[in-house]
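One-letter residues, chain by chain:
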Amino acid sequence: MKNFPGNVFMVVAPSGAGKSSLISALLKEDSNIGLSISCTTRAPRPGEQDNVHYKFLSVEEFETLRDNNELLEWAKVHDNYYGTPKAYVQERIDKGQDILLEIDWQGAAQVREQFPQVIDIFILPPSIEILNERLNKRGQDSQAVIERRVLAASKEIAQADKCEYVIINDDFSVALQQLQQIVTVARLRFASQAKKHSELFQSYGILAQ
Ligand code: GDP
Ligand code: ADP
Ligand code: 5GP
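Residues numbered from 1 in each chain as written. Chains lettered and ligands numbered in written order. Predicted model: local features only at pLDDT ≥ 70, side-chain atom pairs only at ≥ 80, totals over all residues. Heavy atoms only, no water.

Describing the overall build of the protein
Rule in force here: Here a strand is any run of E in DSSP of at least two residues, a helix any run of H or I of at least four, and the numbering for each starts at the N terminus. Every radius of gyration here is taken over C-alpha atoms, with the globule rule written as 2.2 Å times N^0.38, N being the number of residues. Under the scheme applied here, a residue whose accessible area is under 20% of the maximum for its type counts as buried, over 50% as exposed, and between as partly exposed, the area being computed with a 1.4 Å probe on protein chains only.
Counting its regular elements, the protein contains nine helices and nine strands. Against the compact-globule benchmark of 17 Å for 209 residues, the protein has a radius of gyration of 18 Å, which places it among compact chains. Projected onto the principal axes, the alpha-carbon positions of the protein cover approximately 60 × 40 × 30 Å. A total of 209 residues make up the protein; the buried ones form 44% of that total.

Okay, structure coming up:
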């Protein structure tokens, strides 16, 4: 991994903080980041497509993947299993390309162990009240599910200090700009620059690390 010129980005946030909206806006303008599609045993929400938003699996299918060591990380979140398939992450790393994981704090801890150089970003809602409002406005979960997610949010937010970067998703366009800035800065790391500008670096006699 020392020579990996790409970046592993990890976005962590409680449900409703806006991570899916921010990531989708980021990827719309930046096709060089590969989004890891997680596996989950949760039921699809209206409009969610298999292999686009998630790979929707039965508990048995998920447990088989997990037991065959095909997941980079996995966690039980709000009573459902979530996990990151290893193969796609490995494929991006092998090609030296950027990869983005959208995962919960328990999975984030497992990824940090494996990739200490991961760039982790926590998305905070402006307040718990606004988080509650956004989940209600999104209108995709039952009241019971929303209540459970809001209750879990404080515990999840307590993990924000594990992340290097924090974005407060108040004004969406400001939050998006901040996320883009983190990506820009990461791409200025030595290994990335040395790969992108290999001829220039060679002409200076600077060797890739
Ligand atoms: P949403 O956050 O409201 O869109 O609800 P989801 O059901 O999509 O996600 C619930 C939680 O599971 C969130 O904290 C996600 O970040 C987390 N999650 C999603 N994919 C993964 C994954 O592959 N691994 C882990 N550990 N958590 C995940
Ligand atoms: P997550 O993926 O973290 O669960 P979403 O991206 O689904 O969150 O966002 C939750 C809801 O809040 C969505 O309806 C989204 O349109 C809305 N939302 C996201 N960011 C903002 C923002 N900055 N201001 C107002 N509404 C927002
Ligand atoms: P494409 O078919 O255009 O290569 O990929 C479509 C989308 O699926 C892209 O967002 C890509 O990053 C993602 N994708 C393609 N293959 C995989 C895979 O094996 N695993 C995961 N997690 N995502 C994939």
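Looking at the environment of Asp 79
Here is the rule we go by: Polar contact is defined as a pair of N or O atoms within 3.5 Å, subject to the rule that within protein one atom must be able to donate a hydrogen and the other to accept it, and that residues adjacent in sequence are counted only when both atoms are side-chain atoms.
When you line up the elements, Asp 79 lands in the loop between β5 (71-77) and β6 (80-85). A polar contact of 3.2 Å, which involves the side chain of Asp 79, links it to the side chain of Arg 148.

Description of the UniProt feature "binding site: ATP" (unreviewed entry) in the protein
Note the cut-off: UniProt positions are given in the numbering used here, feature names are shortened, and annotations may be inferred rather than shown by experiment. Two residues form a contact once any of their heavy atoms are found within 4.5 Å.
As recorded in UniProt, the sites labelled "binding site: ATP" (unreviewed entry) are Ala 13, Pro 14, Ser 15, Gly 16, Ala 17, Gly 18, Lys 19 and Ser 20. Structurally, Ala 13 is set in the loop between β1 (8-12) and α1 (19-29). A relative accessible area of 10% means that Ala 13 is categorised as buried. Excluding anything up to four places from it in sequence, Ala 13 contacts Lys 19, Ile 103, Phe 122, Ile 123 and Glu 156. Position of Ser 15 relative to the elements: it lies in the loop between β1 and α1.

What to know about the side chain of Asp 104
Relative to the assigned elements, Asp 104 resides in the loop between β7 (98-102) and α4 (105-114). In terms of polar contacts, Asp 104 uses its side chain to reach the side chain of Gln 106, at 2.8 Å. Here Gly 107 takes part through its backbone nitrogen, which lies 3.0 Å from a polar atom of the side chain of Asp 104. Setting aside its immediate chain neighbours within four residues, Asp 104 contacts Val 12, Ala 75 and Val 77.

Considerations on the sheet that holds β7
Inclusion rule: Strands pair, by our definition, only if DSSP identifies at least two bridges between them. Between the N-to-C directions of two axes lies an angle of 0 to 180 degrees, each axis being a line fitted to C-alpha atoms and, for a helix, fitted only over the stretch in contact.
Taking strand neighbours across the sheet as the criterion, the five strands line up as β2-β7-β1-β8-β9 in an open arrangement whose pairing is parallel. Edge strands, defined here as strands with exactly one partner in the open sheet, are β2 (33-35) and β9 (165-168). Between one strand and the next, the sheet's axes are offset by a mean angle of 25°, whatever the strand orientation. Two strands pair when backbone bridges link them, and β2 and β7 are joined in this way by three bridges, in the parallel orientation. Of the residues in β7, the one forming a bridge with Leu 35 is Leu 100.

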